[in-house]
Amino acid sequence: MPLWIRRACRPSLKSRSLTGRCTATRRPLSVNSRFSQVSEEVQQAVAERRPVVALESTIYTHGLPYPDNLALASRLESLVRVNGGVPATIGILEGVARVGLGADELTRLVSSSGARKVSRRDLGFACGMTGIDGKGLNGGTTVSGTMILAHKAGIRIFATGGLGGVHRGAEQTMDVSADLTELGRTPVAVISSGCKSFLDIPKTLEYLETQGVAVATFADGRESNVDFPAFWSRDSGVRSPAVVRDEAEAARVIYAHVSLGLQSGLHFANPIPERYSIPHIQMETTIAQALREAETAGAIGAASTPYILAKIKDLTGSKSVEANKALVEANVIRGTKVAVALQKLEMDGSGEDK
Ligand code: PSU
Ligand code: MN
């Protein structure tokens, strides 16, 4: 059981509702240090058990140019707020891992050149080293880096565009995103539009199963044949291992998962809104070309995903960028609704009666 639950459930007059259910405020692990800071707003929202939604920053530092990235970052934060949540954008600014970047901090991060891409392995470097100017480093946190910092701050819900995965040819390269192992060890629910199909989706789902990650796709009104989505495409040719009807159902799964003390994460895939979706078959040609160009350029390891994404952007013109923005917005709205539904379950304990 995560420490914050244990602490929150210590019996005391304050921590028991009339029904005897635990309604205490939730205290995160000690997070404020020289290397990590949680904003006042996020700390308070977590303590008051309000629905907090984590947002990553690699999509800004490595996905979009300035100032488009800043516009998207502000828009995503306001979407969380108008849907009843508290946003917590996460990233590394001058050597400090920040949960809940303020407007000025966010601008400094997304406008800086040379920000690193920070997954679990990079956190110590990003916070421990300095640049040639003697200042701390900047970094955009990936799904993996963001999950770690969100969890430390007591946040359970995280919305983003897409998840890393097992790369095609991984049997040779061993290129498996750290996002997948993070999902295996960190109890945070990630809402995204699945994996881009330049990855190997069947292997990604196999790997997530091995890691003990709960994976489901939002049905969006579909009765059967729900595919795990492939980012720009609602279909992928690969059936989703599980399906949830709506945000309330996703919240019930999270509530049960956390109550059982499971330490692994969850992934809820939200298919791209229909009017922006690009058919799976159509994307395949573009992807094949982007992969060939990445191979020729020798873009491997951490450089591989950003390189392929930039190539696909060149090849599809603005279409993929528009679709990208539309889907991340839809995911953030969904993620916030899940967080609101989860808060409701926790507050009235209705999940326990099921
Ligand atoms: N997939 C996308 N968009 C992204 C990423 C993945 O569709 O921006 C980013 C995320 O930050 C993700 C990271 O966590 O790339 C995965 O990189 P890698 O494949 O190197 O693990
Ligand atoms: Mn990789």
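Residues numbered from 1 in each chain as written. Chains lettered and ligands numbered in written order. Predicted model: local features only at pLDDT ≥ 70, side-chain atom pairs only at ≥ 80, totals over all residues.

Attention now moves to the nonpolar core. By size, the foremost hydrophobic cluster in this structure holds 93 residues, and its most contacted members are Val53, Ala88, Ala150, Ile157 and Ala189. It is helix 14 (residues 318-348) that provides the largest number of residues to this core, a total of 10 residues. Shared between two domains, this core holds at least three residues of each, these being domain 1 (29-155) and domain 2 (159-354). When residues no more than four places from it in sequence are discounted, the contact partners of Ala150 are Ala54, Ala88, Ile90, Val99, Ile155, Phe158 and Val188. (Core = buried A, V, L, I, M, F, W, Y, C linked by C-beta atoms within 7 Å. Buried ≥ 20, exposed ≤ 12 C-beta atoms within 10 Å, placed from the backbone. Helix = DSSP H or I, 4+ residues; strand = E, 2+ residues; numbered from the N terminus. Domains from an automatic or database assignment. Contact = placed C-beta atoms within 7 Å.)

This paragraph deals with helix 5 (residues 103-111). An α-helical turn contains 3.6 residues, so a residue and the one three or four places further along point in the same direction. Among the residues of helix 5, Leu106, Leu109 and Val110 are the ones counted as buried. Here the buried residues of helix 5 occupy an arc of 85 degrees about the axis, which is enough to place them on one side. On its buried side, helix 5 packs onto helix 3 (58-61), helix 4 (68-82) and strand 3 (86-93). (Arc of directions from axis to C-beta.)

With that settled, the discussion passes to the site of ligand 1. Taken together, the neighbourhood of ligand 1 is formed by 16 residues, with Thr142, Val143, Gly162, Gly164 and Ser177 sitting nearest. Only helix 3 and helix 9 (178-185) provide two or more residues apiece to the shell around ligand 1. Counting contributing residues per domain, the shell around ligand 1 is built from domain 1 (29-155) and domain 2 (159-354), each supplying no fewer than three. (Near = placed C-beta within 6 Å.)

Entries for the protein in the domain assignment read domain 1 (29-155) and domain 2 (159-354). A separation of 20 Å is found between the C-alpha centroids of domain 1 and domain 2. Elements with a minimum of two residues in the side of domain 1 that touches domain 2: strand 2 (52-55), helix 4 and helix 7 (143-152). No other element matches the 6 residues that helix 7 contributes to the side of domain 1 that touches domain 2. Taken together, the residues that form the side of domain 1 that touches domain 2 break down as 13 nonpolar, 9 polar and 7 charged. (Nonpolar A, V, L, I, M, F, W, Y, C, P; charged D, E, K, R; others polar.)

We now examine the packing of helix 4 against helix 5. The contact between helix 4 and helix 5 brings their axes to 9 Å, and the two run at 145 degrees. The way helix 4 lies across helix 5 gives a crossing that is right-handed. Counted together, Asn69, Leu70 and Ala73 of helix 4 and Leu106, Thr107 and Val110 of helix 5 form the full contact between these two elements. Within the contact of helix 4 with helix 5, the residues separate by chemical class into 4 nonpolar, 2 polar and no charged. (Axes fitted to C-alpha atoms, helices over the stretch in contact; angles between N-to-C directions. Left-handed = near helix turned anticlockwise from the far one by under 90°.)

The subject of this paragraph is the packing of helix 13 (residues 304-316) against helix 14. For any two helices packed against each other, the geometry is given by the interaxial angle and the distance between the axes. For the pair helix 13 and helix 14, interaxial distance at closest approach is 5 Å and the crossing angle is 120 degrees. With respect to helix 14, the element helix 13 is oriented oblique. Counting all contacts with helix 13, which are made through Ile312, Lys313 and Thr316, the residues of helix 14 involved are Lys319, Ser320 and Val321. Here the contact of helix 13 with helix 14 is built from residues that sort into 2 nonpolar, 2 polar and 2 charged. (Parallel < 35°, antiparallel > 145°, perpendicular 65-115°, else oblique.)

With that out of the way, let us pick up the pairing of strand 4 (residues 96-99). The sheet contact formed by strand 1 (residues 36-38) and strand 4 spans 3 bridges and is parallel. Within strand 4, the residue paired with Val38 across the bridge is Val99. As judged from the 4 bridges shared by strand 3 and strand 4, these two strands associate in the antiparallel manner. From the neighbouring strand, Ile92 faces strand 4, where its bridge partner is Ala97. (Pairing = 2+ DSSP bridges.)

Below, the discussion takes up the environment of Ala251. Along the chain, the position of Ala251 falls in helix 11 (residues 247-259). Given 27 C-beta atoms within 10 Å, Ala251 falls into the buried group. In the structure, Ala251 is positioned 32 residues away from Ala219 in sequence and 15 Å away in space, judged by C-alpha atoms. Beyond its immediate stretch of four places on either side in the chain, Ala251 contacts Val338, Ala341, Leu342 and Leu345.

In this section: unusual backbone geometry. Outside of glycine, negative phi angles account for most residues, and trans bonds account for most peptide bonds. Here the amide bond leading from Tyr66 into Pro67 is cis, since omega sits at 5 degrees, within 30 degrees of zero. Residues other than glycine seldom take positive phi values, yet Arg49 does so here, at roughly 60 degrees. Residue position: Arg49 is located in the loop between helix 2 (40-47) and strand 2. Judged by the 17 C-beta atoms lying within 10 Å of it, Arg49 falls in the partly exposed class. Its identity as a non-glycine residue notwithstanding, Asp220 has a phi of 55 degrees, on the positive side. Along the chain, Asp220 turns up in the loop between strand 9 (214-218) and strand 10 (243-244).

With 90% of its residues at a pLDDT of 70 or more, the protein shows a mean pLDDT of 91. Here residues 1-23 is a poorly scored stretch, pLDDT under 50, and it has 30 contacts once near neighbours within four places are set aside; other chains count. (pLDDT = per-residue confidence, 0-100.)

With that out of the way, let us pick up the pairing of strand 9. Where burial is concerned, most of strand 9 is hidden: 5 out of the 5 residues are buried. Bridging between strand 9 and strand 11 (residues 266-269) involves 4 bridges; their strand directions are parallel. Its bridge partner lying in strand 11, Ala214 is registered against Leu266.

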